[in-house]
Amino acid sequence: MSELSKTLEFDIVICGAGPAGATCALTLGQSGLKVALLEKSSFPRDKVCGDALAAYVPLVLNSIRPEYAEAFTRFDERMIVDSVRFVAPNEKHIDIKFPKQGSISTRFKFDNFLFSLVKTLPDIRIFENTTVHNITPESDHIVIDAGKDLRLKTKLLIGCDGAQGVVSRKLTNTTVNRNHYSAAVRGYYENVKDIPPSTFEIHLLPEVLPSYLWIFPLPGNRANVGIGQVSRLLSRTKINLRETLQRTIQEAPSLKDRFKDARLMGDIEGYGLPLGSRKVTMSGPRFMLCGDAASLIDPLTGEGIGQAMVSGRNAGRQAMLCFKENNFSASFMKQYDKGVYDKFWKTHYAHYLGQKIIGNRPWVANTAINMALKNTLLEKAMKRLFL
Ligand SMILES: Cc1cc2nc3c(=O)[nH]c(=O)nc-3n(C[C@H](O)[C@H](O)[C@H](O)COP(=O)(O)OP(=O)(O)OC[C@H]3O[C@@H](n4cnc5c(N)ncnc54)[C@H](O)[C@@H]3O)c2cc1C
């Protein structure tokens, strides 16, 4: 019988090798446990994103192994950013310095960087081009069907398979809720003029408030340019995000000259963002969910990579505890949920309130930026709200 036609047994199966899954695998790399990492694509692969990496990406890597943070320091396929420019609907702008540097790197490069670290770990068995189709919980293990020839049996399953992933669909009752979901599109443009150095640019456009249009600089005179909107407002306004992005960069007075000679590289692509403004089922008997699979995207800024990495690391740590205590019960897993929500819930909830207050009211954004320009106290408040 070939290996692929029998059932393979693992202590832990991680489904999905994006930032959540790769970080989870890095955490488990030296645990002595038998771990499989299943990924439907093969690396390097793209993922639709704004490509902004929060300052705590290297901190998470450092907390797993300082060598990983050092490798990130040497990873040069990224731009380092130290400030954000908010452009109000009335086109006034304010620049705010970050307390810590962030970076921007295409997901094609960044996810491959993380994945290449995982590939150095002999105890992690990687299956690329392998899609999980079905999941069957049994009394003391979970069975995973990944195509007609591959079946795995695991004591613990960690779902890192992104928005509307199969693990959450099979093991929880969570469904998409338009109040807690966003949609966004992005394109890569070459030769955009006057990009302020080391700066994330956020344009608060009336059509898509409380979301925004972003211009994030990339190495090689390129920029990731995109636009998003909360699903509850999109279903009301019915705007087409691709068209709005293209029309805005061609017509908006502050952008049209800057994009006159710019060239779109490839297509404008879109994807969903499950927002962390509601608590969802994040774990249960013999399973945990991380990153987008656990709805952990910041409801105002749209950032989710840092959250994916933190939750991936925490799930890896919780998994080691489960094996140490031989406890895979739903109640034992709750420690994992608590750790993740202790880290993110307060900020996500405050950002959700910010998102509601700004709503689709341009005057709120204009007033906030006008006042911030005059008043450093308000600038500090904006820093607390957005950064
Ligand atoms: C347009 C847009 C812009 C964004 N901008 C930013 C930003 O600038 N900064 C930021 O921090 N966040 C941003 N986000 C959010 C960010 O992309 C996500 O939060 C992040 O990718 C979550 O990582 P993850 O590992 O949980 O999931 P993913 O990155 O989605 O990875 C999931 C992995 O699982 C694999 N997979 C899926 N299903 C299966 C299956 N059945 N079997 C096997 N493998 C499977 C996929 O191929 C993928 O590799 C943006 C999102 C969008 C849509």
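Residues numbered from 1 in each chain as written. Predicted model: local features only at pLDDT ≥ 70, side-chain atom pairs only at ≥ 80, totals over all residues. Heavy atoms only, no water.

What about the overall build of the protein chain?
Each helix and strand counted, the protein chain has 11 helices and 16 strands in total. Considering only C-alpha atoms, the protein chain reaches an extent of 65 × 40 × 40 Å along its principal axes. Considering the protein chain as a whole, with its 387 residues, one finds that 55% of them fall into the buried category. Across the protein chain, every contact between residues at least 6 apart in sequence was considered, and the portion connecting residues at least 24 apart equals 72%. (Helix = DSSP H or I, 4+ residues; strand = E, 2+ residues; numbered from the N terminus. Buried < 20%, exposed > 50% of the residue type's maximum accessible area, 1.4 Å probe, protein only. Contact = heavy atoms within 4.5 Å.)

Remarks on the nonpolar core
One finds Ile12, Ile14, Leu61, Phe110, Leu152, Leu157 and Ile158 to be the most contacted residues of the largest nonpolar core, which totals 77 residues. In terms of residues, this core owes the most to one element, helix 8 (residues 305-325), which gives eight residues. Setting aside residues up to four positions removed in sequence, Phe110 forms contacts with Leu53, Val57, Phe72, Phe75, Ser105, Ile305 and Met309. Residues Tyr188, Ile202, Leu218 and Ile358 belong to the second largest nonpolar core, which totals 27 residues. (Core = buried A, V, L, I, M, F, W, Y, C linked by side-chain atoms within 4.5 Å.)

Description of the packing of aromatic side chains
A complete count under the given rule lists 18 aromatic pairs for this structure. Centre to centre, the rings of Phe10 and Phe127 are 6.2 Å apart; their planes meet at 85 degrees, and the pair counts as edge-to-face. Of the two residues, Phe10 is situated in strand 1 (residues 7-15) and Phe127 in strand 6 (residues 124-127); the sequence distance between them amounts to 117 residues. Accessibility expressed as a relative area gives 6% for Phe10, which makes it buried. What makes Phe127 buried here is its relative accessible area of 8%. Cluster of aromatic residues (ring-pair linked, three or more members): Phe98, Phe200, Tyr212, Trp214 and Phe216. Positioned over the ring face of Phe72 is Arg78, at 4.1 Å from the centre of the ring. (Phe/Tyr/Trp six-rings, centres within 6.5 Å; stacked < 30°, edge-to-face > 60°. Lys NZ or Arg CZ within 6 Å of the ring centre and 35° of its normal.)

Side note on the domain arrangement of the protein chain
The domain architecture assigned to the protein chain consists of domain 1 (3-79 + 103-177 + 276-353) and domain 2 (180-273 + 360-386). Residue-level contacts link 28 residues of domain 1 with 22 residues of domain 2. Across the domain 1 to domain 2 interface the summed buried area is about 2200 Å²; carbon plus sulfur atoms make up 61%. Looking only at domain 1, the three residues that lose the most surface to domain 2 are Val48, Ile104 and Leu300, adding up to 25% of its buried area. The interface formed by domain 1 and domain 2 includes one salt bridge. A salt bridge links Asp46 to Arg186, with the nearest nitrogen and oxygen atoms 2.8 Å apart. Applying the counting rule to domain 1 against domain 2 returns 10 residue pairs in polar contact (both at pLDDT 80 or more). With three residues, the single largest contributor to the side of domain 1 that touches domain 2 is helix 9 (residues 330-358). Of the residues in the side of domain 1 that touches domain 2, the class split is 11 nonpolar, 10 polar and seven charged. (Domains from an automatic or database assignment. Buried area = accessible area lost by both parts, 1.4 Å probe. Salt bridge = Lys/Arg side-chain N within 4 Å of Asp/Glu carboxyl O. Polar contact = N/O pair within 3.5 Å; in protein donor to acceptor, adjacent residues only side chain to side chain. Nonpolar A, V, L, I, M, F, W, Y, C, P; charged D, E, K, R; others polar.)

Some words on the pattern of salt bridges
Per the counting criterion, the structure on display carries 16 salt bridges. Measuring nitrogen to oxygen at the nearest pair gives 3.3 Å for the salt bridge that ties Lys155 to Asp11. Taken together, the residues span a long stretch of sequence, with Lys155 in strand 9 (residues 151-159) and Asp11 in strand 1 at a distance of 144 residues. Note on Lys155: relative accessible area 36%, which makes it partly exposed. A relative accessible area of 16% places Asp11 in the buried class. One salt bridge in this structure joins Asp337 and Lys334, with 3.6 Å as the shortest N-O distance. Within this pair, Asp337 and its partner Lys334 are both found in helix 9, separated by three residues, close to a single helical turn. Taking the relative accessible area as the measure of exposure, Lys334 reaches 43% and is therefore partly exposed. Linked through salt bridges whose partners overlap, the residues forming this network are Arg45, Arg107 and Asp111.

Comments concerning the site of the ligand
Every one of the 39 residues lining the ligand counts as a neighbour, but Glu39, Gly50, Ala52, Arg107 and Asp292 are closest to it. Interatomic distance of 2.9 Å between a backbone N/O atom of Ala20 and an oxygen atom of the ligand. Gly304 places a polar main-chain atom, nitrogen or oxygen, 3.0 Å from a nitrogen atom of the ligand. Surface burial for the ligand is 95%, taken as the share of its 1000 Å² of free accessible area covered by protein chains. Mapped onto the shell around the ligand, the elements with two or more residues apiece are helix 1 (19-28), strand 12 (213-218), strand 14 (263-274) and helix 8. Ranked by the residues each element gives to the shell around the ligand, the list is headed by strand 14, at three residues. Its residues placed into classes, the shell around the ligand shows 19 nonpolar, 11 polar and nine charged. Here the shell around the ligand gathers at least three residues from each of two domains, domain 1 (3-79 + 103-177 + 276-353) and domain 2 (180-273 + 360-386). (Near = heavy atom within 4 Å. Areas by Shrake-Rupley, 256 points an atom, 1.4 Å probe, with all protein chains shown as cover.)

So, a nonpolar patch on the surface
A contiguous nonpolar patch, built from Tyr349, Leu353 and Ile357 and spanning about 290 Å² of accessible area, is present on the exposed surface. On the basis of relative accessible area, Tyr349 is assigned to the partly exposed category, the value being 38%. (Patch = residues over 30% accessible without salt bridge, like charges linked within 9 Å, V, L, I, M, F, W, Y side chains within 5 Å.)

Comments concerning the packing of helix 1 against helix 8
Packing of helix 1 against helix 8 leaves a shortest axis separation of 7 Å and a crossing angle of 35 degrees. As for the relative orientation of helix 1 and helix 8, their crossing is right-handed in sense. Residues Pro19, Ala20, Thr23, Cys24, Thr27 and Leu28 of helix 1 touch helix 8, and the partners they reach there are Ile305, Ala308, Met309, Gly312, Arg313, Ala315, Gly316, Arg317, Ala319 and Met320. Residues of the contact of helix 1 with helix 8, tallied by class, amount to 10 nonpolar, four polar and two charged. (Axes fitted to C-alpha atoms, helices over the stretch in contact; angles between N-to-C directions. Left-handed = near helix turned anticlockwise from the far one by under 90°.)

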